[in-house]
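Residue-level structure breakdown
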Amino acid sequence: DTRDVFRPGFASKDALKGIGTLINLRRLIIDGSGVVDLDDLEGLDKLQHLDLGVAPHLRCVAGLAHVPQLERFRIGAAPKLATLQGMESLTALQIDHGRDSRGQWVPTGRRRLELQKLGITDLKGLPPLALDELSVARCELRTLDGLEDLPSLRALRVTDCKKLGDVSAVSAQPELV
């Protein structure tokens, strides 16, 4: 049903232009897109699942504030995404799903967020989600500032973030492993 899934087959920076008119859209998948921001998501009040795939030109996710029903947000490599500002409004974001061997979304029993290959330099802007685990890999992190907004976090994994220097925010999280 094309009302539920929209998969533009082009790599234009205007791939989302006019998409706000698809008011019944529940699921949006864009692979290999040239999208630079998510501002055109305004009007997608029923959108629940957004998969950007690899987004090499994405610079801003503030447009997520226009998507009140969003439950699942996946983004592949986004090396130009320097901030997570804009994700603060996603208080209903569900991240307790993973993919099974067939690629289907299934509950995992864990609340886990993975950030990979992003240009972010800190963790500011993450919504105050009840996360169990946070994994950050191959990002431009310089500091873990913003970690204090995740009070229920129990496990943090940071790998291959070569610019990370300031880890003082970890000391404010005594429950971290």
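Now for a quick tour of the structure. In this text, all values refer to a predicted model and were calculated from it rather than measured experimentally. (Residues numbered from 1 in each chain as written. Predicted model: local features only at pLDDT ≥ 70, side-chain atom pairs only at ≥ 80, totals over all residues. Heavy atoms only, no water.)

What to know about the pattern of salt bridges
According to the stated counting rule, one finds 2 salt bridges in the structure shown. Residues Lys 163 and Glu 140 are paired through a salt bridge, measuring 2.8 Å at the closest nitrogen-oxygen approach. Placement of the pair is Lys 163 in the segment after strand S9 (155-159) and Glu 140 in the loop between strand S8 (133-137) and S9, with a sequence separation of 23 residues. Residue classification places Glu 140 among the partly exposed positions, given a relative accessible area of 31%. Here Asp 160 and Lys 162 are joined by a salt bridge, their closest N and O atoms 2.8 Å apart. We classify Asp 160 as partly exposed; its relative accessible area is 41%. (Salt bridge = Lys/Arg side-chain N within 4 Å of Asp/Glu carboxyl O. Helix = DSSP H or I, 4+ residues; strand = E, 2+ residues; numbered from the N terminus. Buried < 20%, exposed > 50% of the residue type's maximum accessible area, 1.4 Å probe, protein only.)

Brief notes about a negative patch on the surface
Taken together, the side chains of Asp 14, Asp 39, Asp 40, Glu 42 and Asp 45 present a region of like negative charge at the surface. If you trace the backbone, Asp 14 turns up in the loop between strand S1 (5-6) and strand S2 (27-29). Taking the relative accessible area as the measure of exposure, Asp 14 reaches 41% and is therefore partly exposed. (Patch = residues over 30% accessible without salt bridge, like charges linked within 9 Å, V, L, I, M, F, W, Y side chains within 5 Å. Areas by Shrake-Rupley, 256 points an atom, 1.4 Å probe, with all protein chains shown as cover. Lys, Arg positive; Asp, Glu negative; His and termini not counted. Charge placed at Lys NZ, Arg CZ, Asp CG, Glu CD.)

Looking at the sheet that holds strand S7 (residues 112-116)
In spatial order, the strands read S7-S8-S9; together these 3 strands make up an open sheet with parallel pairing. Pairing within the sheet leaves two strands with one partner each, and these edge strands are S7 and S9. Going from strand to strand, the sheet's axes swing by 5 degrees on average, the running direction of each strand aside. Note that S7 and S8 share 5 bridges and pair parallel. Residue pairing across strands places Gln 116 opposite Ala 137, the latter belonging to S8. (Pairing = 2+ DSSP bridges. Axes fitted to C-alpha atoms, helices over the stretch in contact; angles between N-to-C directions.)

With respect to the environment of Arg 157
Relative to the elements of secondary structure, Arg 157 occurs in strand S9. The spatial distance from the C-alpha of Arg 157 to the C-alpha of Glu 114 is 9.3 Å, given a sequence separation of 43 residues. Once residues within four sequence positions are removed from consideration, Arg 157 is found in contact with Arg 112, Leu 134, Ser 135 and Val 136. (Contact = heavy atoms within 4.5 Å.)

Some remarks on the nonpolar core
Within the largest apolar cluster, 43 residues are counted, with the highest numbers of intra-cluster contacts made by Leu 38, Leu 41, Leu 50, Leu 123, Leu 134 and Leu 147. Of all elements in the fold, only S7 and S8 reach the threshold of two or more residues within this core. Residues within four places of Leu 134 in sequence aside, it is in contact with Leu 113, Leu 115, Leu 123, Leu 126, Leu 147, Leu 150, Leu 153, Ala 155, Leu 156 and Arg 157. (Core = buried A, V, L, I, M, F, W, Y, C linked by side-chain atoms within 4.5 Å.)

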